[in-house]
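Below, each chain spelled out in residue letters.
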Amino acid sequence: MPVATVTTTATAAIPGRQGRTGLVLQNLSDTDLFVAPAGDVSTANGYKLTANGGSLNLTGGGGVAGAFYAIHGGAGSKDLRWFDF
């Protein structure tokens, strides 16, 4: 399972992929992570993946094909595990 590094600055954590129909995300870090399919993700805007196991499964054809951005409000960098199909 690929791992993306998430920091306190919103960055493209998961690259877009043409033909992607689903995306599974999991947060095993000690800090809540926030993800969104737009660069304006923040700790107040986006899908919240709670610390220590929060996950999200997204499906929907072209709606999940673009890049996904992530951020957290803690300290240091955190790992976001993901895979797509």
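Residues numbered from 1 in each chain as written. Predicted model: local features only at pLDDT ≥ 70, side-chain atom pairs only at ≥ 80, totals over all residues. Heavy atoms only, no water.

Draft legend 1. Region of interest: the environment of Val 6. Considering the arrangement of structural elements, one finds Val 6 in strand β1 (residues 3-6). Under the relative-accessibility criterion, Val 6 is labelled buried at 0%. In sequence terms Val 6 and Val 35 are 29 residues apart; their C-alpha atoms lie 9.7 Å from each other. (Helix = DSSP H or I, 4+ residues; strand = E, 2+ residues; numbered from the N terminus. Buried < 20%, exposed > 50% of the residue type's maximum accessible area, 1.4 Å probe, protein only.)

Draft legend 2. Main features of the pairing of strand β6 (residues 54-59). In β6, alternate side chains face the same way, and those of Gly 54, Leu 56 and Leu 58 are buried while those of Ser 55, Asn 57 and Thr 59 on the opposite face are not. With six bridges connecting them, strand β3 (residues 22-27) and β6 associate as antiparallel partners. Bridge pairing in β6 places Val 24 opposite Asn 57. (Pairing = 2+ DSSP bridges.)

Draft legend 3. Summary view of the sheet that holds β3. Ordered by their spatial adjacency, four strands build an open sheet running β1-β8-β3-β6, and the pairing between neighbours is antiparallel. Lying at the two open borders of the sheet, with one neighbouring strand each, are β1 and β6. This sheet shows a mean twist of 20° between the axes of neighbouring strands, independent of strand direction. Note that β1 and strand β8 (residues 78-84) share four bridges and pair antiparallel. Looking at the pairing, Val 3 lines up with Arg 81 of β8. (Axes fitted to C-alpha atoms, helices over the stretch in contact; angles between N-to-C directions.)

Draft legend 4. Fine view of the sheet that holds strand β5 (residues 47-49). Within the open sheet, the four strands sit side by side as β2-β7-β4-β5. Their pairing is antiparallel. At either end of the open sheet lies a strand with only one pairing partner, and these are β2 (11-14) and β5. Put simply, the sheet's adjacent strands are angled 40° from each other on average, direction ignored.

Draft legend 5. Broad picture of the pattern of salt bridges. One pass over the structure, following the stated rule, counts four salt bridges. For Lys 78, the salt bridge goes to Asp 30, with nearest N and O atoms at 2.9 Å. Here Lys 78 is found in strand β8, whereas its partner Asp 30 is found in the loop between β3 and β4 (33-36), with 48 residues between them in sequence. Take Lys 78: its relative accessible area is 12%, and that puts it in the buried class. Connected through salt bridges with shared partners, the residues Arg 17, Arg 20 and Asp 84 form a single ionic network. (Salt bridge = Lys/Arg side-chain N within 4 Å of Asp/Glu carboxyl O.)

Draft legend 6. Looking closely at the side chain of Arg 20. By the element assignment, Arg 20 lies in the loop between β2 and β3. Separated by 2.9 Å, the side chain of Arg 20 and the backbone oxygen of Val 64 make a polar contact. Once you skip the residues sitting within four places of it in the chain, Arg 20 turns out to touch Ile 14, Pro 15, Gly 61, Val 64, Ala 65, Gly 66, Phe 68, Trp 82, Asp 84 and Phe 85. (Polar contact = N/O pair within 3.5 Å; in protein donor to acceptor, adjacent residues only side chain to side chain. Contact = heavy atoms within 4.5 Å.)

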